[in-house]
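Each chain is listed here by its residues.
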Amino acid sequence: MSLVIDKTVPQHHPLADIAKKVFDGERLSREEAIRLYQSDDLALIGMLGEHARRVKAGPGRENYVYFIHNMHLNPTNFCVETCRFCSYANPTEREKAYTWTVDRVLEEAGKGVALGIYEIHMVGGLNPACDLAYYEEILTQVKAKYPQVHLKAFTAVEIEYLANLEGLTYGEVLERLVKAGLGSMPGGGAEIFDEGVRERMAVSKTPAPIWLEIHGIAHQMGLKTNATMLTGISETVENKVDHMLLLREQQDKTGGFQCFIPLKCYYDGTNIKDEVTEPSNVDLLKDVAISRLVLDNFDHIKAYWIQLGVELAQLALSFGADDMDGTILEEKITHAAGAQSPLKLAQDKMEQLIASSGYQPVERDTIYNIKRVSELAPALIEEPIETRLARL
Ligand code: V47
Ligand code: SF4
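Just so you know, these numbers come straight off a predicted model, no measurement behind them.

Undergrad: Could you give an account of the sheet that holds strand β9 (residues 323–326), naming the residues involved and the relevant values?
TA: Overall, mixed pairing links the 4 strands, which are arranged β9-β1-β10-β11 in an open sheet. On the outer flanks of this sheet lie β9 and β11 (370–373), each paired with one strand and no other. Ignoring strand direction, the axes of neighbouring strands in this sheet form an average angle of 25°. Two elements, strand β1 (residues 64–68) and β9, share 2 bridges in a ladder whose sense is parallel. Looking at the pairing, I68 lines up with G326 of β9.

Undergrad: Quick rundown of the site of ligand 1? Include the residues and the values.
TA: By nearness alone, 23 residues border ligand 1, and F85, K152, G189, E191 and K302 come closest of all. G188 has a polar backbone atom sitting 3.4 Å from an oxygen atom of ligand 1. Notes on ligand 1: free accessible area 620 Å², of which the protein chains cover 95%. Counting residues per element, the ones that place at least two in the shell around ligand 1 are β6 (224–231) and β7 (257–264).

Undergrad: Outline the pattern of salt bridges, listing residues and values.
TA: Scanning all chains against the criterion turns up 24 salt bridges. Between E136 and R176 there is a salt bridge, with its nearest N and O atoms 2.8 Å apart. Taken together, the positions of E136 in helix α5 (residues 132–145) and R176 in helix α7 (residues 170–180) put the pair 40 residues apart, joining distant regions of the chain. Classification of R176 by relative accessible area gives partly exposed; the value is 35%. Two residues, K264 and E278, come together in a salt bridge whose shortest N-O distance is 3.1 Å. Here K264 is found in strand β7, whereas its partner E278 is found in the loop between β7 and α11 (281–294), with 14 residues between them in sequence. One connected set of salt bridges, linked through shared partners, spans E351, E363, R372 and E375.

Undergrad: I'd like a description of the side chain of R248, backed by residues and values.
TA: Among the structural elements, R248 can be located in helix α10 (residues 237–254). One buried charged residue, R248, remains without a salt bridge, the closest side chain of opposite sign being D296 at 4.5 Å. In this structure the side chain of R248 is engaged in a polar contact, spanning 3.1 Å, whose partner is the backbone oxygen of V294. Apart from the residues within four sequence positions on either side, R248 is in contact with R27, L28, V294, L295, D296 and N297.

Undergrad: Lay out the site of ligand 2 with the relevant residues and their values.
TA: Neighbouring ligand 2 are the residues C79, E81, C83, F85, C86, A89 and K205. For the shell around ligand 2, the per-class residue count stands at 5 nonpolar, no polar and 2 charged.

Undergrad: Tell me about the packing of aromatic side chains, and please be specific about residues and values.
TA: Two numbers describe a pair of aromatic rings. These are the distance of the centres and the angle of the planes. Summed over all chains, the structure comprises 9 aromatic pairs. For K264, the ring lying beneath its charged end belongs to Y266, and the centroid distance is 4.9 Å. A cation sits over an aromatic face here: R364 above Y368, 4.2 Å from the ring centre.

Undergrad: An account of the environment of N239 is requested, with residue identities and associated values reported.
TA: For N239, the location among the structural elements is in helix α10. Remark: the alpha-carbon pair of N239 and E195, spanning 44 residues in sequence, is separated by 9.5 Å. Among all residues touching N239, those that are not within four sequence positions of it are I192, D194 and V197.

Undergrad: Would you mind going over the pairing of strand β3 (residues 119–122) in detail, with residue names and values included?
TA: Here β3 shows two buried faces, one formed by E119 and H121 and the other by I120 and M122. The sheet contact formed by strand β2 (residues 70–73) and β3 spans 4 bridges and is parallel. Paired with M71 across the strands is I120, a residue of β3. On the question of chirality, the crossover connecting β2 to the parallel β3 by way of helix α4 (residues 102–114) is right-handed. As judged from the 4 bridges shared by β3 and strand β4 (residues 150–153), these two strands associate in the parallel manner. Residue pairing in the sheet places M122 in a bridge with A153 of β4. As a crossover connection, the stretch from β3 through α5 into β4 is right-handed.

Undergrad: Give a detailed account of the packing of α10 against α11, specifying residues and quantitative values.
TA: In helix packing, the relevant descriptors are the interaxial angle and the interaxial distance, both defined with respect to the helix axes. The geometry of α10 relative to α11 is characterised by a closest axis approach of 10 Å and an angle of 35° between their N-to-C directions. The crossing of α10 and α11 is right-handed. For the pair formed by α10 and α11, the contact residues are K240, M244, L245 and R248 on the first element and D287, I290, S291 and V294 on the second. Among the residues making up the contact of α10 with α11, the classes are represented as 4 nonpolar, 1 polar and 3 charged.

Undergrad: Residue-level account of the nonpolar core, with values.
TA: Formed by 124 residues in total, the largest nonpolar core has its most connected members in I120, L177 and L247. The greatest single-element share of this core, amounting to 7 residues, is contributed by α11. With residues near it in sequence (within four places) discarded, I120 still touches M71, L73, A109, V142, V149, H150, L151 and K152.

Undergrad: Could you give me a rundown of unusual backbone geometry, with the residues and numbers involved?
TA: Although it is not a glycine, S234 adopts a positive phi angle of roughly 85°. Along the chain, S234 turns up in the loop between β6 and α10.

Rules behind the numbers
Residues numbered from 1 in each chain as written. Chains lettered and ligands numbered in written order. Predicted model: local features only at pLDDT ≥ 70, side-chain atom pairs only at ≥ 80, totals over all residues. Heavy atoms only, no water. Pairing = 2+ DSSP bridges. Helix = DSSP H or I, 4+ residues; strand = E, 2+ residues; numbered from the N terminus. Axes fitted to C-alpha atoms, helices over the stretch in contact; angles between N-to-C directions. Near = heavy atom within 4 Å. Polar contact = N/O pair within 3.5 Å; in protein donor to acceptor, adjacent residues only side chain to side chain. Areas by Shrake-Rupley, 256 points an atom, 1.4 Å probe, with all protein chains shown as cover. Salt bridge = Lys/Arg side-chain N within 4 Å of Asp/Glu carboxyl O. Buried < 20%, exposed > 50% of the residue type's maximum accessible area, 1.4 Å probe, protein only. Lys, Arg positive; Asp, Glu negative; His and termini not counted. Contact = heavy atoms within 4.5 Å. Nonpolar A, V, L, I, M, F, W, Y, C, P; charged D, E, K, R; others polar. Phe/Tyr/Trp six-rings, centres within 6.5 Å; stacked < 30°, edge-to-face > 60°. Lys NZ or Arg CZ within 6 Å of the ring centre and 35° of its normal. Right-handed = clockwise from strand over helix to strand, strands pointing away. Left-handed = near helix turned anticlockwise from the far one by under 90°. Core = buried A, V, L, I, M, F, W, Y, C linked by side-chain atoms within 4.5 Å.

Any functional reading would require information that these geometric values do not contain.
Here is the structure:
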C-alpha cells in the first residue's frame, strides 16, 4: 500500500478517490463502501477510520475513548422465537429456561449497584409470562431503590413483542415504559436487515422497517438508542453495507442513534457453523472502520470487547472505534454461545487497556455526558494522522 495519504492522495491507489472524499468530509456511496470491503489495504482503511473518528470527536477530544461502569441484566431466557444463531434462548433446552421474579431482578441489580455501576443494560427473550406490567414493575422498583441508575433496556424486538401481546401501539408501549423509568434503548435485535439472511437464520421477528420504525418513534419521544449489526450469519459484504445505509437513512430522519456496535456471532450450541463463514479478525476490523466511514451521522462506534476479545477491541480503537462499552459484570448472550472473554473488567483495568492503546480513557454516562477524564493519560498524539504520514 501507499504510505502517503495526505490530502493529495496518490492517484494510482485504487482507494484514492475514496480517501479524498473522506478527507474532504464527503458522504460515501454504496459502491464506495463495497469497494472498501473488497480492498485488502487494511492499514489504509484503518487510517481512514481513525481520521474520521478524530474529526467526529472534535477539537480537544480527538483521543477520547469512552467507557461506562455498567451491568447486564437478563430477566428471562425463555423466547417464543427460534433464531438459529441464538444459544441464549436455546429452543432445545426450553425446559431449563428461567424467568426471574421482580424481587430477583432487584436483588441482582443490587449486587451491581453495590459495586458502583450506574447503568443497567436489560434485555431478554420474548416470554408471554413477562408482560408489560412485569417490566413496568421492574423499572419502577429499580428506579425507586436506585434512582442514580440509568435503565437502558428493551430491544426493538421486545417492544414489538410487547405491543402485539398487549394490543398496543409501539408508541404506547414506549410511553408506558418511559413513564416507569426507561432511560434509553440498546441496539440489539437488528441482526442483518437482509430478508434472505433472515430467512436462512429463521429470524421471523421485527423486519427492518419495523425495527427502524420503533427506533424512529423512540427518537421522536426524546429517547437515545443504539444500533447493532450481527455478522457471521451468512451475510455478504453487500448485505452489511445495505444494513448500514438503512441505519444512516433513519439517522438522517430522526437523529437519535448514539452508537453503532458491530457484533460477531459465536456458534456453540447452534447448528449453523457449517453454513456460514466465520468473520476473520480482518473482517471485524473492517466492520469497525467502514461503519465509522459510512455512518457519518453516528457519533460513536463501539468496540464490544465481550465479542471481539480484549486485544482486538484495543486494536479496533485505531480503526475508528471510540467506545469500549462497559465494565459489564456478567454477560449471558455471547457466553452462552462460547465467548471466552473475561466476565468483568474492573474499572482500573479498563482504563489501562485504553491508555495503553494510545488513547485517553474517559468515563461517561449512558448518554455520553462525561463523568471523568481519567488521570491515566497515554503519550498523547495530537497530530492528525495525515500530517504524521505526510512526514514519513
Ligand atoms: O441482538 C445473539 C446478538 C445481541 C448471538 O446497545 C449474538 O450498547 C453473538 O445488542 N453470538 C445482543 N451475538 C447484544 C447487543 C448489544 C451488546 C452490547 C452493547 C449494546 C448497546 C448492544 O447479541 C442480539 C443478537 O444480535 N446475538 N446470538 C451469538 N450466538
Ligand atoms: Fe429470542 Fe432474541 Fe434469541 Fe431470537 S435472538 S431467539 S428473539 S432471544
